[in-house]
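Survey of secondary and tertiary structure
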Amino acid sequence: MTDPNAADTLVVHRAVVRTPTTVLVDVRDITVRAGRPLTIVGESGSGKSVLAHALMGTLPPELAAEGSMSIGRSRFDLAERAGRRSLWGRQVALLPQEPALALDPTMRVRDQVAEGAPGWRPRETAALKRADDRLERLGLEGAGRAFPHTLSGGMAQRVAYAAATIGGADILLVDEPSKGLDRESLDRLAVMLAAHVERGGLLVTITHDLGLARRLGGDVVVMQDAAVVESGPAEEVLTRPVHPYAKRLLAAEPSKWSAPWTRDNLRADEAAEPLVTAHRVSKAYTGKPLFQDLSVEIRPRERWAVVGPSGVGKTTLGNALLRLTDIDAGWVRHSGTTRGGRIQKLYQDPGLAFPRRVPLESSVRDVMRRHRVDERHVRSLLDEMGLPFAILRRRPGQVSGGELQRIAIARAMLPRPVVLFADEATSRLDPVSQATTMDLLMRQVTGDGCALLLVTHDLDLAEAVGARQIRLGADEEASL
């Protein structure tokens, strides 16, 4: 780095984070060196993101931290949160897990990225120019005047990355940076993270994407149940793991799935009445066509995957088929069997599907009452997903992104839907949890004769789940 005083090491001597009854993180002796990235992988809810917030000093007040860390020659007490505030943006930056919640919905993209630039002042020309340059490097030229709610999940992730890195911090803590990114965008992200490392920066990446972990190299830490169960050079841990959980992690990538439903690519009886019929539908946004003259019929038991680069309209198409958004041309019709909540949607950002200040149990019980669902069925679903029923007593911000996504899936299945629109429904899960959750979801879908419409950037997942595909491309019409 150009700063002669920049830290060349980050050492976690010990970090413990707990609630009054539960230890969420208990790790020690983690060292990150300049020029050698560290990637943390492991199960959802194992404490990876909690660890990152403990290091930043941004834990919620109900969590207690103890232990210490060193940045270069400076040592910090993790229990003293305010002591690291002066480092934010200048020496340490965190890219949070949920970009849709991290971005200010009232500010245009360019302005909030510019706020993190050194010497920023309102409408300061140099900061705005720097923001434009960062956005352009991330493939977001022209997006500066947009508001966050108009962005796809992948675009929002890149905007949040630009905002986190524009201040030039030596140490980057990056939490699930690849969620919602197509392969081209992921390649661009990996190049930028690698460039930070090559400049001598320190990089800690939390990810469920083992492919990204392989690309970054350096060292890998595997976490399970709040602790580190294996660590070492990436080429060893990701090819010859020793711990049983690390072995399960590598075996759970979608390309290696072998469940019965992956081989049973169901196609519906062509004589069955379509649940959803779309006839020559078209949609454009700010003058740019997303899809044109697209016709599709979705019948009971069919499985469709919608694939394509980030920002080309996959979520918009799904919303159009559910009649949640207007279309410019054509029409969409639903059969009578879809009434009464029998069409369900799983959102890309599960944090947006639950009231932030309300316990999760309230949201789940609302569905239970409306659809007369027995509590035993809810307990059974959560148990199969590896979640205790007591987790519903927490608020959305008190569970991990992966845990919240599994709760959202369980809630969506309670009305026994006939059509399920799953928008990147497992993107926040580690490979083991994703395999377990998709197996449960697919057994529910196939057992109930439910039609599935899956939006995903993961072509291996699309191949495993979807018997039929709708491909959207930036420079081509939709194809079936």
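Before any of the text, the structure's been laid out above.
None of the values given here were measured: they were computed from a predicted structure.

Notes on unusual backbone geometry
Here the phi dihedral of Asp29 falls at roughly 55°; this positive angle occurs in a residue that is not glycine. Considering the arrangement of structural elements, one finds Asp29 in strand E2 (residues 23-33). Positive phi is not limited to glycine here, since Arg372 has a value of about 55°. Position of Arg372 relative to the elements: it lies in the loop between helix H12 (360-371) and helix H13 (375-384). A relative accessible area of 80% means that Arg372 is categorised as exposed.

Details of the packing of aromatic side chains
Enumeration over the complete set of coordinates arrives at one aromatic pair. Measuring from centroid to centroid gives 5.9 Å for Trp257 and Trp261, while their planes differ by 75°, and the two rings are edge-to-face. Here the guanidinium or amino end of Arg379 rests over the ring plane of Phe389, the centre of that ring lying 4.0 Å away. For Arg411, the ring lying beneath its charged end belongs to Phe354, and the centroid distance is 4.0 Å.

Looking at the sheet that holds strand E10 (residues 227-233)
The six strands lie next to each other as E6-E7-E8-E3-E9-E10, forming an open sheet whose pairing is mixed. Where the open sheet ends on each side, the last strands, each with one partner, are strand E6 (92-95) and E10. Strand-to-strand, the axes of this sheet are offset by a mean angle of 15°, without reference to chain direction. Along the sheet, helix H1 (residues 48-56) contacts strand E3 (38-42), E6, strand E7 (171-175), strand E8 (202-206) and strand E9 (219-224); its crossing angle with E6, the most-contacted strand, is approximately 150°. Packed on one face of the sheet, helix H9 (residues 244-251) meets E3, E9 and E10 and runs near 105° to E9.

Structural notes on the sheet that holds strand E12 (residues 288-298)
In spatial order, the strands read E12-E11-E14; together these three strands make up an open sheet with antiparallel pairing. Each end of this open sheet is capped by a strand with a single partner; those strands are E12 and strand E14 (329-334). Between one strand axis and the next, the sheet turns through 25° on average, direction left out of account. Of the pairings in the sheet, the one linking strand E11 (residues 276-285) to E12 comprises seven bridges and is antiparallel in character. Across the sheet, the residue bridging to Lys283 is Phe291, located in E12. Relative to the sheet, helix H11 (residues 314-321) contacts E11, E12 and E14, its axis offset from that of E12 by approximately 45°.

Conventions and cut-offs
- The residue numbers shown here count from 1 along each chain, following its written sequence.
- Confidence filtering applies because this is a predicted model: local features only for residues at pLDDT of at least 70, side-chain atom pairs given and counted only at 80 or more, and all residues used for totals across whole chains, interfaces and linings.
- Calculated side-chain values reflect all of the structure's heavy atoms, with hydrogen atoms and water omitted.
- Strands here mean DSSP runs of E at least two residues long; helices mean DSSP runs of H or I at least four residues long; both are numbered from the N terminus.
- Only protein chains enter the area calculation, which uses a 1.4 Å probe; residues under 20% of their type maximum are buried, those over 50% are exposed, and those in between are partly exposed.
- Think of it this way: a Phe, Tyr or Trp ring, Trp meaning its six-membered ring, pairs with another when their centres are within 6.5 Å, and the plane angle makes it stacked under 30 degrees, edge-to-face over 60, tilted otherwise.
- In our convention, an over-ring charge means Lys NZ or Arg CZ found within 6 Å of a ring centre and within 35 degrees of that ring's normal.
- One bridge is not enough; two strands pair if DSSP finds at least two bridges between them.
- Lines fitted to the C-alpha atoms define the axes, with helices restricted to the stretch that makes contact. Angles between their N-to-C directions range from 0 to 180 degrees.
- By definition in these notes, contact holds between two residues if any of their heavy atoms fall within 4.5 Å.

In short, shape yes, function no, at least from these values alone.
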